Amino acid sequence: MPDEGILIRIENITVCYGDKIAVENVSFTFEAGFIYGIIGPNGAGKSSLINTMVGILPIHAGRVHYDQDDLSKNSRNIRYNLGYAPENIYLYDYLTGREYLLMISEIKRLPETQDEIAYLLNQLNLQESADRIIVSYSHGMRKKIALAASLLGPPRYIILDEALNGLDPVAMYNVRHLLRNYAKQGSTILLSSHILELVENWCDYIIIMKDARLLAAYSQEDIERLCAKTGTDFSTHFIRLVAGDDQSSA
Amino acid sequence: MNVLLRYYAKQGWHYWHNLSLRFKIELFIVGIIFVSFFSEKGAHLFFQLLNSRDITPIGLAVFTLHLILLFYAATVPFMYYILLPKQAGFHVLRVQPLAGSSMVMVLFLSSLKYQLIPLLLMVPLLIAFTLTTNVFAVAYFVTGILIYPLLFILTIHFLKIFTDSYYKSISLYFLFWSIYFLFFTGLYFYLDHYLLYQSVFLMLICGWFYYKRGILDNQQYWFNKVKKSVRAQSFTFIQYHDFPKIMRPLFARETLVSLRNIRYIRLKLISTMLYILLLLAGHEYFPDNYIHFVAAVTFLFIWLHYAYQFNEKYVQPEFPLFMRTMPVKFFTLVSARILSELIYILLLLVLQNVVLMLAGTAIATILYLSAGIIIFAGFILYIIAIVRIQFYHNPRLAGYAYHFLVIFSVMMIANFYLVGPLITGSLIIYLTLLARRQIAR
């Protein structure tokens, strides 16, 4: 049985593309009610780790548990409760934004979701274009629809892979509050981003990856303590850490 | 002439220069064959027309020219509103300070790309004309070919700026040129000074364009207002309300995504027309073995028509998010795909049965054939569904697998009566299990 409060547990995950190791022996536990952020330089293995966690990439070694379900053995149960927004957006061009959300909610068998869809569209400032075909959407609008689809439910596990990059400031503000509310309701949220400020300000825990490994993990208290101790801000610490100058980690 | 326009006009020349020598020689040889073949045929036809009917050389020139121009004129609005704005060259030129007359030249030069086939056809036609008619007729023909295409472009462009409306400009364009063609082509035999009237009319048009040429300079990026060709949403998700809930989202997705894709609709229409034409042609050429012909054509048609399912123009490929992170059930997805295409199969069956009944085929035979076609179509649609799931990340590979599977299955079943179906069945079951693993564990 999993520990109380732990929703997602990854154990010794290793992912390879041929000979190249993308993620090497990473373990972590994600607790309910918190927002986690993954950050790291390009090629650090963030997207590979996330793709493995949602089942897109096969795991070469290790395990991923969502509550008591093992991803490799019982993925269907997990899928009903998983909201995932990928970095590269693929949507059905000839459905309208609202229809796409309806389709996702019906596939996930969510109870009456019309109001929730309207609420999400409103929060993402998409209500006026919701009944237009997706092919006519801009890149930002497509991102918003993909994000709204991942938040339907709301799901127990929300995983956003660079899904917030490129959103307008109003949508960012609303999404931040939405995610915080979902976390309060018991969801576990994991987001990856290249924007250090976003991860630092939004997340309760920050995970830093480099060269396929988990380099360090900090809570907000750790960050405050670290900044006070070194007299620098977190971004300076992050840059030193990924450059290999700083060996301290929480 | 605007410097940019000069470079724009040079594109064709540069294109020719960049072709390899081998390609140039090949084009030259093909051109010689093409021109000599059609010139000879054209000359023969013109000679017959001039001798057997009461047609004068200039009359032949009028009718041939107007026939070609009629086709040309009909395609110009489509070219002006849809094809030209898509050309990359326009995106460079639209931000340049072009004069109205330069813009008309740009339009004309750009339109030549789409008129390549009619222009190529002109060469043998012109040679045939030269061989059979007199200089005056040839001169008339050449003048017409040089003047009219520019006038067509100028008319639609003028009307677009003048009316500032998509529909009004097209309507007025067609109205004007229809009247023109009806009048001048239809009245050729009744007007004593036909060419004089035509010349005066053309001069009047040109005069009006010249008088109103200031309009051209007032244009502001006319192609920004081009309408996007997005198909109206004639069906909506809500209309699937009474459909079984388990199937509804996937069935609605399959049908809506297809019905709103204009390319898909066009493909279905053209394919169906082709199928009907083949059936009707078969009745003429294979009356004795008509039922066999219909069966063969239908089986082949279903197999080859559904190859479009592996072309991203008609079918959007599945993506990892849908296949790997959504709680989709394998058999629900397969059933939704088969059901969404079953309506078209039924339509084909109705068409085929009507044709067979008209040809006097016995009802029992029609029923046997229909049953066979339904089984075959089900088999094809099932194979498509499983290979599309198995190779969802690579539609091309899925296409190869589809063709291989169909050919393999037909060969096995046709040649090895007991072992063949068994091996095919085993292969299909194995592939089903593989495909199932892609979305469900």
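Just so you know, the residues in each chain are numbered from 1, in the order the chain's sequence is written. The order in which chains are written sets their letters, starting at A; the order in which ligands are written sets their numbers, starting at 1. Where totals are concerned, whole chains, interfaces and linings use all residues; where local detail is concerned, this predicted model gives features only for residues with pLDDT of at least 70, and gives and counts side-chain atom pairs only at 80 or more.

## A look at the overall build of chain B
The helix and strand inventory of chain B stands at 19 helices and zero strands. Across the 441 residues that make up chain B, the buried fraction comes to 22%. Across chain B, every contact between residues at least 6 apart in sequence was considered, and the portion connecting residues at least 24 apart equals 73%. Going along the chain from the N terminus, every DSSP run of H or I of four or more residues is numbered as a helix, and every run of E of two or more is numbered as a strand. Whether a residue is buried, exposed or partly exposed follows from its count of other C-beta atoms within 10 Å of its own C-beta, namely 20 or more, 12 or fewer, or something in between, respectively; the C-beta atoms are built from the backbone. Contacts are defined on C-beta atoms placed from the backbone: any two residues whose C-beta positions lie within 7 Å are in contact.

## A closer look at the pairing of strand E4 (residues 61–66) of chain A
Both faces of the sheet carry side chains from a regular strand, because those side chains alternate between them. Residue and element names in this part refer to chain A. Looking at chain direction, strand E1 (residues 6–17) and E4 are connected through five bridges and run antiparallel. Across the sheet, Ile 8 pairs through a bridge with Tyr 66, a residue of E4. The pairing of E4 with strand E5 (residues 69–70) spans two bridges and is classified as antiparallel. Paired with His 65 across the strands is Asp 70, a residue of E5. Here, any two strands with at least 2 DSSP bridges between them count as paired.

## A closer look at the sheet that holds strand E3 (residues 35–39) of chain A
Hydrogen bonds along the backbone pair up the strands of a sheet, which may run parallel or antiparallel. Residues and elements named next belong to chain A. Strand order in the open sheet made by the six strands is E6-E7-E8-E3-E9-E10, with mixed pairing throughout. Pairing within the sheet leaves two strands with one partner each, and these edge strands are strand E6 (82–85) and strand E10 (213–219). Within the sheet, the average angular offset between the axes of one strand and its neighbour, ignoring direction, is 15°. By the bridge criterion, six bridges tie strand E9 (residues 205–210) to E10 in an arrangement that is antiparallel. Across the sheet, the residue bridging to Ile 208 is Ala 216, located in E10. The sheet contacts of helix H5 (residues 139–151) involve E6 and strand E7 (157–161), and relative to E6 the element is tilted by about 165°. In this analysis, axes come from line fits to C-alpha atoms, helices being fitted only over the stretch in contact, and the angle between any two N-to-C directions falls in the range 0 to 180 degrees.

## What about the packing of helix H4 (residues 57–83) of chain B against helix H8 (residues 135–163) of chain B?
Residue and element names in this part refer to chain B. Look at H4 against H8: their axes get within 9 Å of each other, and the N-to-C directions meet at 20°. Considering the angle they form, H4 stands roughly parallel to H8. The way H4 lies across H8 gives a crossing that is right-handed. In this structure, H4 contributes Pro 57, Ile 58, Leu 60, Ala 61, Leu 65, Leu 69, Tyr 72, Ala 73, Val 76, Pro 77 and Tyr 80 to the contact, and H8 contributes Phe 136, Ala 137, Tyr 140, Phe 141, Gly 144, Tyr 148, Pro 149, Phe 152, Ile 153 and Ile 156. In this classification, the charged set is Asp, Glu, Lys and Arg, the nonpolar set is Ala, Val, Leu, Ile, Met, Phe, Trp, Tyr, Cys and Pro, and all remaining amino acids, among them Gly, are polar. By residue class, the composition of the contact of H4 with H8 is 20 nonpolar, one polar and no charged. Roughly parallel means an angle under 35 degrees; roughly antiparallel means over 145; roughly perpendicular covers 65 to 115; every other angle is labelled oblique. The crossing is said to be left-handed when, going from far helix to near helix, the turn is anticlockwise and less than a right angle, and right-handed when the turn is clockwise.

## A short note on the interface of chain A and chain B
Many authors give the size of an interface as the accessible area that is lost as the parts come together. Between chain A and chain B, the residue contacts involve 26 residues of the former and 23 residues of the latter. Looking at the side of chain A that touches chain B, the elements with two or more residues in it are helix H2 (75–80), E6 and helix H3 (97–107) of chain A. Counting residues per element, the side of chain A that touches chain B draws most heavily on H3(A), at five residues. Residues that form the side of chain A that touches chain B fall into these classes: 15 nonpolar, five polar and six charged.

## Quick notes on the sheet that holds strand E2 (residues 20–31) of chain A
All names here are of chain A. Pairing within the open sheet is antiparallel, and its four strands lie in the order E2-E1-E4-E5. Looking at the sheet topology across the chains shown, the edges are occupied by E2 and E5. Taken together, the eight bridges between E1 and E2 define a ladder with antiparallel strand orientation. Counted as the bridge partner of Cys 16 is Ile 21 from E2.

## Considerations on the confidence of the model for chain A
On a range of 0 to 100, pLDDT expresses the predictor's confidence in each residue. Across chain A, pLDDT averages 87, with 96% of residues at or above 70. Across chain A, the element-wise mean pLDDT spans from 84 in helix H9 (residues 234–243) of chain A up to 94 in E3(A).

## Digging into helix H16 (residues 330–358) of chain B
All names here are of chain B. Between its first and last C-alpha, H16 extends 42 Å over 29 residues, near the 42 Å set by a 1.5 Å rise per residue. A residue's bend is given by the angle between axes fitted to the 7 residues ending at it and the 7 residues starting at it. The principal kink in H16, of about 30°, is found at Leu 342. Inspection of H16 places Leu 333, Val 334, Ala 336, Arg 337, Ser 340, Leu 348, Gln 352 and Leu 356 among the buried residues, and these make up the whole buried set. Looking at the packing, one finds that the buried side of H16 touches helix H12 (248–259), helix H13 (262–285), helix H14 (290–305) and helix H17 (363–390). Looking at the residues trailing H16, positive phi occurs at Gly 360, about 85°. For a helix, the expected span equals 1.5 Å multiplied by the number of residues minus one.

## Thoughts on the confidence of the model for chain B
All names here are of chain B. Per-chain confidence: chain B averages 82 in pLDDT, with 89% of residues scoring 70 or above. Low pLDDT, under 50, characterises residues 224–232; the stretch is placed with ten contacts to residues that sit more than four places away or in other chains. Confidence metrics for the complex model read pTM 0.65 and ipTM 0.81.

## Re unusual backbone geometry
All names here are of chain A. Put simply, Gly 153 and Pro 154 share a cis peptide bond, and its omega is -10°. Even without glycine at this site, Asp 67 takes up a positive phi of about 50°. Note on placement: Asp 67 falls in the loop between E4 and E5. The residue Arg 109 is not glycine, and still its phi comes out positive at about 55°. With respect to the helices, strands and loops of the structure, Arg 109 is situated in the loop between H3 and helix H4 (114–123).

## Some points on the nonpolar core
For the purposes of this analysis, a nonpolar core is taken to be any set of buried Ala, Val, Leu, Ile, Met, Phe, Trp, Tyr and Cys residues that are connected through C-beta atoms within 7 Å. Tyr100(A), Ala148(A), Ile159(A), Val387(B) and Tyr402(B) are the most contacted members of the largest nonpolar core, which has 107 residues in total. The greatest single-element share of this core, amounting to eleven residues, is contributed by H17(B). With residues up to four places along the chain from it excluded, the contact list for Ala148(A) reads Leu101(A), Leu120(A), Leu121(A) and Leu124(A). Membership of the second largest hydrophobic core comes to 29 residues, among which are Val62(B), Val104(B), Phe129(B) and Ile153(B).

## Side note on the packing of H16(B) against H17(B)
All names here are of chain B. The N-to-C vectors of H16 and H17 enclose an angle of 150°; their axes lie 9 Å apart at closest approach. Comparing the axis directions of H16 and H17 gives the class roughly antiparallel. The element H16 and its partner H17 pack so that their crossing is right-handed. Between H16 and H17, the residues in contact are Leu 333, Val 334, Arg 337, Ile 338, Glu 341, Ile 345, Leu 349, Asn 353, Leu 356 and Met 357 and Ile 366, Ser 370, Ile 373, Ala 377, Gly 378, Leu 381, Tyr 382, Ala 385, Ile 386 and Ile 389, respectively. Counted by class, the contact of H16 with H17 contains 15 nonpolar, three polar and two charged residues.

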